[in-house]
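# Report on the structure
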Amino acid sequence: MAGISFKNVEKTYENGVTVIKDLNLDINDKEFVVLVGPSGCGKSTTLRMIAGLESVTAGELYIGDRLINAVPPKDRDIAMVFQNYALYPHMSVYKNMAFALTLLKEKKDVIDEKVHEAAKILGLEEYLDRKPKALSGGQRQRVALGRAMVRNPSVFLLDEPLSNLDAKLRTEMRSQISKLHQRLGTTFVYVTHDQVEAMTMGDRICVMNAGVIQQFDTPQVLYDQPKNLFVAGFIGSPQMNFIDAVVEKEGDGYALKFDQTTISVNRSELADYVGKTVVVGVRPEDLHMEKEYFKGGNTIKTLVDLDEMMGSETLLYLAYEDAKIIAKVPSPCPVHTGDEVELAINTDRIHVFDKETEEAIFN
């Protein structure tokens with residue numbers, strides 16, 4: 001078993017700065033978990049603690065049932081793939097991939113078998129005699145993956161491995177890494193700041209901010225049921241729109257009053273918020289121009305600041321009250337920059353947050 005458990009783990013540097021605060025996280029054996037968040041949120045430090053490249057200041061860190069706080073990196077049965085590939089420029093692809101096994105004094109025929117097997121899986125067989133400088137960025141990244149694979153580790157650690165690649169290569173490598181995980185059946189922990197990578201690759205995603213886990217769940221749950229404003233704004237592209245509204249009583253139900261309009265929302269969770277300001281979250285795809293969505297009367301009118309045709313969809317950038325919002329509508333779009341537009345809000349899919357605590361009231 002190669003699950004990973006953090007129990008009340010903290011990381012404080014010698015200058016007194018604490019970057020990880022009381023981290024409790026359980027990663028299952030053979031799971032693909034993505035650590036995601038903005039720069040400085042602690043995701044790479046968390047990964048480096050698993051690798052043994054950073055020490056644990058307090059708490060306990062386990063791989064399987066084994067406490068590894070004081071275990072040297074070489075004895076943790078992990079392999080790490082770095083952002084900059086970290087290949088030896090003077091060695092061939094074959095020797096780069098075989099290097100760790102050579103240090104372990106494996107037999108030459110065993111090394112040869114493992115290197116060629118990994119090269120076949122990664123499509124590197126014809127490049128084994130080349131030096132890294134003769135390879136493209138995507139090929140170098142595959143060599144780095146192959147070097148990790150030949151060790152047959154219990155845990156793969158990947159630290160922003162695709163950030164140096166162009167958009168097309170990133171998409172290709174995302175699918176290759178996902179297939180590799182399925183083929184190897186090994187625990188993968190992957191760090192990225194790119195939420196699109198996180199959403200497309202992870203079995204579960206750990207969203208971090210300021211050294212604290214904000215939410216740890218499947219991509220679908222994070223998207224549909226964000227626990228707070230941070231997760232709601234971080235997960236999704238374009239990000240969720242946020243508009244302040246005052247909660248009012250409306251007959252047996254409730255309403256959310258913006259400056260220019262009021263929308264009916266029959267949710268009992270709003271009972272304690274009557275007369276208070278809350279934050280309403282609306283995904284760009286839940287603002288509609290089609291007339292069939294206008295039956296409930298929950299619409300807003302505003303001007304289009306900018307329209308961006310993205311192929312099958314158009315993004316409309318709008319100024320509504322004090323908020324800047326984005327609508328994602330089908331192409332071709334009949335309105336353009338400077339036009340007035342009326343949009344219906346899909347109230348079945350809105351999210352409402354407490355303005356003070358920033359926690360979700362309902363999704």
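What you see is a predicted model; the values in this text were computed from it and never measured. (Residues numbered from 1 in each chain as written. Predicted model: local features only at pLDDT ≥ 70, side-chain atom pairs only at ≥ 80, totals over all residues. Heavy atoms only, no water.)

## As for the overall build of the chain
For the chain, the helix and strand inventory stands at 8 helices and 21 strands. Relative to its 363 residues, the chain shows a buried fraction of 49%. Pairs at least 24 residues apart make up 64% of the contacts formed inside the chain by residues separated by at least 6 positions. A gap of 10 Å separates the mean positions of the 41 positive and 53 negative side-chain charges of the chain. (Helix = DSSP H or I, 4+ residues; strand = E, 2+ residues; numbered from the N terminus. Buried < 20%, exposed > 50% of the residue type's maximum accessible area, 1.4 Å probe, protein only. Contact = heavy atoms within 4.5 Å. Lys, Arg positive; Asp, Glu negative; His and termini not counted. Charge placed at Lys NZ, Arg CZ, Asp CG, Glu CD.)

## Points about the domain arrangement of the chain
When its domains are assigned, the chain resolves into domain 1 (4–234) and domain 2 (241–362). When each unit is reduced to the centre of its C-alpha atoms, the spacing between domain 1 and domain 2 is 39 Å. Counting residues at the interface gives 9 residues for domain 1 and 10 residues for domain 2. Between domain 1 and domain 2 lies a buried interface of about 890 Å² when both sides are counted; carbon and sulfur atoms form 54% of it. At the junction of domain 1 with domain 2, the criterion picks out 1 salt bridge. Taken together, the connections running from domain 1 to domain 2 amount to 4 residue pairs in polar contact (both at pLDDT 80 or more). Looking at the side of domain 1 that touches domain 2, the elements that each hand over two or more residues are helix H7 (219–224) and helix H8 (229–234). Across the side of domain 1 that touches domain 2, the residue classes break down as 5 nonpolar, 2 polar and 2 charged. (Domains from an automatic or database assignment. Buried area = accessible area lost by both parts, 1.4 Å probe. Salt bridge = Lys/Arg side-chain N within 4 Å of Asp/Glu carboxyl O. Polar contact = N/O pair within 3.5 Å; in protein donor to acceptor, adjacent residues only side chain to side chain. Nonpolar A, V, L, I, M, F, W, Y, C, P; charged D, E, K, R; others polar.)

## Remarks on the sheet that holds strand E11 (residues 241–250)
Taken in spatial order, the 6 strands of this open sheet run E13-E12-E11-E14-E20-E21, and their pairing is antiparallel. Pairing within the sheet leaves two strands with one partner each, and these edge strands are strand E13 (262–265) and strand E21 (360–362). This sheet shows a mean twist of 40° between the axes of neighbouring strands, independent of strand direction. Inspection of the sheet shows strand E14 (residues 277–282) paired to strand E20 (residues 351–354) by 4 bridges, in the antiparallel sense. Residue pairing in the sheet places Val-279 in a bridge with Phe-353 of E20. (Pairing = 2+ DSSP bridges. Axes fitted to C-alpha atoms, helices over the stretch in contact; angles between N-to-C directions.)

## Let's talk about the packing of helix H3 (residues 108–122) against helix H4 (residues 137–149)
In contact at an axis separation of 9 Å, H3 and H4 are set at 140° when each is read in the N-to-C sense. On the basis of their axis angle, the class for H3 and H4 is oblique. Considering the relative orientation of H3 and H4, their crossing is right-handed. Packed against H3, whose contacting residues are Ala-118, Ile-121 and Leu-122, the element H4 presents Arg-142, Leu-145, Gly-146 and Met-149 at the interface. Here the residues of the contact of H3 with H4 are counted per class, giving 5 nonpolar, 1 polar and 1 charged. (Parallel < 35°, antiparallel > 145°, perpendicular 65-115°, else oblique. Left-handed = near helix turned anticlockwise from the far one by under 90°.)

## Some thoughts on H3
The first and last C-alpha atoms of H3 sit 21 Å apart over 15 residues, in line with the 21 Å expected at 1.5 Å per residue. Buried within H3 are the following residues: Ile-111, Val-115, Ala-118, Ala-119 and Leu-122. Here the buried residues of H3 occupy an arc of 100° about the axis, which is enough to place them on one side. The outward face of H3, more than 90 degrees from its buried face, is lined by the exposed residues Asp-109, Glu-113 and Lys-120. Each element contacted by the buried residues of H3 is listed here: helix H2 (93–103) and H4. Remark: Gly-123 follows H3 within two positions and exhibits a positive phi of approximately 70°. (Expected span 1.5 Å × (residues − 1). Arc of directions from axis to C-beta.)

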